[in-house]
Amino acid sequence: MNDEPKLTDRQQQILDSMRSALGSIPIASRSCGDCAKCCEGWLSGEVYGHDFYPGNPCFFLEKTCSIYKDRPVDPCRNFKCNWLSEDVFPMWMKPSLINAIIIKKQNKNMSYYEIEPAGDIDTIDSKTLNWLVKWAANTGSNIQYRIDGEIKRIGLPEFIKM
Ligand code: SF4
Ligand code: SF4
C-alpha cells in the first residue's frame, strides 16, 4: 500500500490550520500502546526524584511504564510525539516500530520536525528517511534528522542555514 500523502496544496493548507488549532491533542485512532520510546533515555526529565536523560532510561520503565496510572503530568502525561498527535505520519512510523521519534519544534519563527533516532541508535532507517524526504518535498515542510550522528536538514533555505 502506498502511504504517501496525496493532498492538493489547498487541502494541505486547510489540514495544517486545523492541526494548528487542535495543538498536540492525540488523535483518537492512535495510542502509545506498548510503545515506550520516549521513556528509554531519549527525553530528559525527572520522575519522583529519578532523573532520566539520553542514554539513561527512566527508573520506572520495565517493559512499559510500571507506574502508568501514577505517572506525573510533567513530563510524562504532557509529552506527545507527533506520530501520536498527527495522522499525517503513517501507522508504520510508530516510534516503537522505526526506533525514532518525530517531534515538532520551533526555532524563532521557523517550525520544523525533528526526527531523532531513539535509544542508542544513531541513524534512522532508509524506508523512514525516504518517506520523510518525499513528504517534506510535497508539503514544503522543514525536517531535521541525523545520519550516523550527523545533523541533516531539508526544507526552506533559511531553515537549512539555521
Ligand atoms: S514515543 Fe510517542 S507513541 Fe511512543 S510512548 Fe512516547 S508519546 Fe507514545
Ligand atoms: S514514569 Fe513511566 S511514562 Fe514517565 S518517563 Fe518513566 S516510564 Fe515513561
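Here's what I pulled together on the structure shown here. (Residues numbered from 1 in each chain as written. Chains lettered and ligands numbered in written order. Predicted model: local features only at pLDDT ≥ 70, side-chain atom pairs only at ≥ 80, totals over all residues. Heavy atoms only, no water.)

Thoughts on the nonpolar core
Here's step 1: Membership of the largest hydrophobic core comes to 32 residues, with the highest contact counts inside it found for F89, M93, I115, L132, W135 and I143.
Here's step 2: If you list the elements that add at least two residues to this core, you get helix 3 (82-85), strand 3 (100-107), strand 4 (110-117), helix 5 (126-139) and strand 5 (143-147).
Here's step 3: Ranked by the residues each element gives to this core, the list is headed by helix 5, at five residues.
Here's step 4: Not counting residues within four places of it along the chain, the set of residues in contact with I115 comprises A100, I101, I102, I124, L132, I143, Q144, Y145 and R146. (Core = buried A, V, L, I, M, F, W, Y, C linked by side-chain atoms within 4.5 Å. Buried < 20%, exposed > 50% of the residue type's maximum accessible area, 1.4 Å probe, protein only. Helix = DSSP H or I, 4+ residues; strand = E, 2+ residues; numbered from the N terminus. Contact = heavy atoms within 4.5 Å.)

Here's the deal with the side chain of Q144
Here's step 1: You can see Q144 is positioned in strand 5.
Here's step 2: Residue classification places Q144 among the buried residues on the basis of a relative accessible area of 7%.
Here's step 3: Excluding residues within four positions of it along the chain, Q144 makes contact with Y112, Y113, E114, I115, I151, K152, R153 and F159.

Thoughts on the layout of surface pockets
Here's step 1: As a volume, the second largest pocket reaches approximately 500 Å³.
Here's step 2: Looking at the second largest pocket, it is lined by 27 residues, and the ones nearest its centre are C32, C39, Y68, R71 and C76.
Here's step 3: When residues in the lining of the second largest pocket are grouped by element, the largest group, three residues, is from helix 2 (residues 73-77).
Here's step 4: Among the residues making up the lining of the second largest pocket, the classes are represented as 20 nonpolar, three polar and four charged. (1 Å grid on protein atoms, 1.4 Å probe; cavity = no way out; pocket = protein on both sides within 12 Å on 5 of 7 lines; lining within 4 Å. Points joined across faces, edges and corners; volume = space filled by probe spheres on them. Nonpolar A, V, L, I, M, F, W, Y, C, P; charged D, E, K, R; others polar.)

Considerations on the pairing of strand 3
Residues in a regular strand point their side chains to alternate faces of the sheet.
Here's step 1: Where strand 3 and strand 4 come together, eight bridges link them in antiparallel fashion. Across the sheet, the residue bridging to A100 is P117, located in strand 4. (Pairing = 2+ DSSP bridges.)

Comments concerning the site of ligand 2
Here's step 1: Surrounding ligand 2, one finds C39, V47, F52, C58, L61, C65, I67, R71 and C76.
Here's step 2: Residues belonging to the shell around ligand 2 are distributed by class as follows: eight nonpolar, no polar and one charged. (Near = heavy atom within 4 Å.)

Side note on the site of ligand 1
Here's step 1: Neighbouring residues of ligand 1: C32, C35, C38, F79, C81, W83, L84 and P95.
Here's step 2: Judged by its atoms lying within 2 Å of the grid points, ligand 1 is housed in the largest cavity.
Here's step 3: Taken together, the residues that form the shell around ligand 1 break down as eight nonpolar, no polar and no charged. (Sits in = over half its atoms within 2 Å of the grid points.)

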